[in-house]
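Listed below, chain by chain, are the residues.
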Amino acid sequence: MKFISIQEALDKKEGKVSLRGWVYRERKQKEMAFIVMRDSSNIIQCVVKEDKVSKKEWEDANKILIESSLEIEGTLKEDKRAPTGYELQVSKLNVIHFAEKFPISKDHSPEFLLDVRHLSLRSRKLTNVLKVRSTVFKAIHDYFRSFGYYEYHSPCFTPNAAEGGSTLFKVDYFGKPIYLTQTWQLYAEAGIFALEKIYTIAPSFRSEKSKTSRHLTEYWHAEVETAWQHFPELLDLAEGLIKYIVKTVLKENKKELDILGRDTKKLEPIVKEKFPRITYKEALKILEQKAKIKIPYGKDLRTVEEDALSKLYNTPVFVTHYPKIIKAFYMKEDDKDKGAVLGSDLIATEGYGEIIGASERETDIKELEKKLKAQGEDPKKYGWYLDTRRYGSVPHAGFGLGVERVIAWVCGLDNIKDAIPFPRTMLRYQP
Ligand code: ATP
Ligand code: MG
């Protein structure tokens, strides 16, 4: 008989089926053994009765432990008490591998679960997060391609800093010090002269020394760069992407979000309502009036401020026009608001923090040199990058989205570490 998935069997509701998967839970009684089996699609309760199978099958059913792999044939029967509403009455049982005693049972600390991540990856929670993750990647590709963007790639080894020196990972490159990339940005700015509209989804590396629930040292970064684009259209593109991701996940992952316990009502306004756009100065005022938080002009918004702000809106909010002294050297100063940049952070709802950093890029080579020097960088080291302002410079803009931040937010996770299969942080680089 042809194997079908557990979900296909549940949809079929009745009849004889063949399934294969792993033991999720098991409980033995005198003449009956209950095996809850899982595969990538769902779980189903299977009941093995001593008088319905061979002697060997009955012995095997009594021997198997959690995570053993097996093939089962049986008849479906509706059963309201079973975890997914159906029970499989087993007529054939073939154990493929008898697992040793699985090291994970209930009530383990999060740190232990991370120590055995290669095994905890099979948990229902992570299985469902990984499905949402797959949808998010697909949505990003589909969105950009639907607007005629080309997928373009930048190197991971780089001689330059783009997001400030403090989070650079140094690598010994045949005796010379270079870095792991923090962003594709500088290379993307070179790429638009060939392709005009480009995007990528690739790992970025940042040696984050702070232990927060939203920073990884290796994360997947969806980035886009567009020639001829100005600030307002840049924000439109970013808003459209977030709406498209959330809409797609709501459509394709209802079941997963339900298993994860996500309140999807909170995600619905994101698809329907326009995201507010407020300036940094307005944000300071709002924080003072509505959250009683006073910040002096020129200080970056920290987690507490971003959280307080996000609680005031039921969609993400764009904070624009940050003071240029706290933002990257490549952001363009606003002609109409000197000292502020045409840059924006998009703050997610429910205290999930910044999910996108965006800006129109500085095109004036003199300005770029000045800002690099002000940040203690030697403009000579950026010679190749400055060439992009020497040969046919055009207005352009782009943004970067932290894919795990978006996954953690959409799934309602407590920590970004559960948004990626094998998280890397300051203290964790194994398994
Ligand atoms: P933060 O202030 O939260 O550290 P950032 O200003 O350093 O963010 P950008 O340099 O603008 O972030 O990077 C673009 C996006 O990449 C951010 O909006 C965020 O979604 C994501 N991101 C940045 N750093 C990390 C990290 N360490 N782990 C996961 N995602 C990150
Ligand atoms: Mg940072």
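Worth saying up front: this structure is predicted, and the values here are computed from it rather than measured.

Draft legend 1. Representation of the overall build of the protein in the model. A count of helical and extended segments in the protein gives 14 helices and 18 strands. The principal-axis extent of the C-alpha atoms belonging to the protein is close to 85 × 55 × 40 Å. Expressed as a percentage of the 431 residues in the protein, the buried residues total 52%. As presented, the protein carries roughly 21,100 Å² of accessible surface, and 54% of it is formed by carbon and sulfur atoms. Positive and negative charge centroids in the protein, built from 73 and 64 side chains respectively, lie 2 Å apart.

Draft legend 2. Quick peek at the environment of Gly15. Along the chain, Gly15 falls in strand 1 (residues 15-28). Excluding anything up to four places from it in sequence, Gly15 contacts Gly74, Thr75 and Leu76.

Draft legend 3. Structural detail: the packing of aromatic side chains. The tally for this structure, following the rule as stated, stands at 18 aromatic pairs. Ring geometry for Phe144 and Phe399: centres 6.3 Å apart, planes at 45 degrees, overall tilted. Separated by 255 residues along the polypeptide, Phe144 in helix 5 (residues 124-146) and Phe399 in strand 18 (residues 396-402) bring together distant segments of the chain. Residue classification places Phe144 among the buried positions, given a relative accessible area of 0%.

Draft legend 4. Here's a closer look at the site of ligand 1. Residues in close proximity to ligand 1 total 16 residues, the closest being Arg206, Glu208, His215, Leu216 and Glu354. In the model, an oxygen atom of ligand 1 is placed 2.8 Å from a nitrogen or oxygen of the Arg206 side chain. In this structure, an oxygen atom belonging to ligand 1 sits 3.4 Å away from a main-chain N or O atom of Gly357. Relative to its unbound accessible surface of 590 Å², ligand 1 loses 83% to contact with the protein. Contributing elements (two or more residues each) for the shell around ligand 1: strand 11 (218-227), strand 17 (354-360) and strand 18. When residues of the shell around ligand 1 are assigned to their parent elements, the largest contribution, four residues, is made by strand 17.

Draft legend 5. The environment of Arg145, seen in detail. Within the element layout of this structure, Arg145 appears in helix 5. Along the sequence, Arg145 and Phe205 sit 60 residues apart, while their C-alpha atoms lie 25 Å from each other. Those residues in contact with Arg145, other than ones at most four positions away along the chain, are Glu151 and Tyr199.

Draft legend 6. Up close: the sheet that holds strand 4 (residues 69-78). Here we have five strands rolled up into a closed barrel, ordered 1-2-3-5-4, and mixed in their pairing. Each adjacent strand pair in this sheet contributes to an overall mean axis angle of 55 degrees, direction not counted. Across ten bridges, the pairing between strand 4 and strand 5 (residues 86-97) is antiparallel. Bridging across to strand 5, Leu76 finds its partner in Leu88. Here helix 2 (residues 55-63) sits on the sheet and contacts strand 1, strand 2 (32-38), strand 3 (43-49) and strand 5; the angle it forms with strand 5, its principal contact strand, is near 90 degrees.

Draft legend 7. A look at the sheet that holds strand 8 (residues 170-173). Ordered by their spatial adjacency, three strands build an open sheet running 7-9-8, and the pairing between neighbours is antiparallel. Edge positions in the sheet fall to strand 7 (157-158) and strand 8, since each of these pairs with one other strand and no more. Pairing of strand 7 with strand 9 (residues 176-180) involves two bridges; the strand directions are antiparallel. For Thr158, the partnering residue across the bridge sits in strand 9 and is Tyr179.

Draft legend 8. Fine view of the packing of helix 10 (residues 280-291) against helix 11 (residues 303-310). Relative to each other, helix 10 and helix 11 sit at 75 degrees, their axes nearing to 10 Å. Considering their axes alone, helix 10 and helix 11 lie roughly perpendicular with respect to each other. Residue-level inspection shows Ala283, Ile286, Leu287 and Ala291 of helix 10 in contact with helix 11, the latter providing Glu305, Ala308 and Leu309. Classifying every residue of the contact of helix 10 with helix 11 gives six nonpolar, no polar and one charged.

Draft legend 9. Looking closely at the pairing of strand 8. Examined bridge by bridge, strand 8 and strand 9 share four bridges and lie antiparallel to one another. Residue Tyr173 lies in a different strand from strand 9, and its bridge partner there is Lys176.

Draft legend 10. Geometry of helix 11. Counting buried residues in helix 11 gives six out of eight residues, a clear majority hidden from the surface. Among the residues making up helix 11, those that are buried are Glu305, Glu306, Asp307, Ala308, Leu309 and Ser310. Elements that come into contact with the buried residues of helix 11 comprise strand 12 (277-279), helix 10, strand 13 (317-320), strand 16 (343-347) and strand 17.

Draft legend 11. How the structure looks around the nonpolar core. Within the largest apolar cluster, 49 residues are counted, with the highest numbers of intra-cluster contacts made by Ile140, Phe144, Ile242, Phe399, Leu401 and Trp409. Within the residue set of this core, elements represented by two or more residues are helix 5, strand 10 (197-205), strand 11, helix 7 (231-252), strand 17, strand 18 and helix 14 (403-411). A per-element tally of this core places helix 7 first, with eleven residues. Discounting residues that sit within four places of it in the chain, Leu401 has contacts with Ile140, Trp220, His221, Ala222, Leu241, Ile242, Ile245, Ile355, Ile356 and Val406. Core analysis: the second largest hydrophobic core is formed by 29 residues, Ala161, Ile347, Leu368 and Tyr385 among them.

The rules we used
Residues numbered from 1 in each chain as written. Chains lettered and ligands numbered in written order. Predicted model: local features only at pLDDT ≥ 70, side-chain atom pairs only at ≥ 80, totals over all residues. Heavy atoms only, no water. Helix = DSSP H or I, 4+ residues; strand = E, 2+ residues; numbered from the N terminus. Buried < 20%, exposed > 50% of the residue type's maximum accessible area, 1.4 Å probe, protein only. Areas by Shrake-Rupley, 256 points an atom, 1.4 Å probe, with all protein chains shown as cover. Lys, Arg positive; Asp, Glu negative; His and termini not counted. Charge placed at Lys NZ, Arg CZ, Asp CG, Glu CD. Contact = heavy atoms within 4.5 Å. Phe/Tyr/Trp six-rings, centres within 6.5 Å; stacked < 30°, edge-to-face > 60°. Near = heavy atom within 4 Å. Polar contact = N/O pair within 3.5 Å; in protein donor to acceptor, adjacent residues only side chain to side chain. Pairing = 2+ DSSP bridges. Axes fitted to C-alpha atoms, helices over the stretch in contact; angles between N-to-C directions. Parallel < 35°, antiparallel > 145°, perpendicular 65-115°, else oblique. Nonpolar A, V, L, I, M, F, W, Y, C, P; charged D, E, K, R; others polar. Core = buried A, V, L, I, M, F, W, Y, C linked by side-chain atoms within 4.5 Å.

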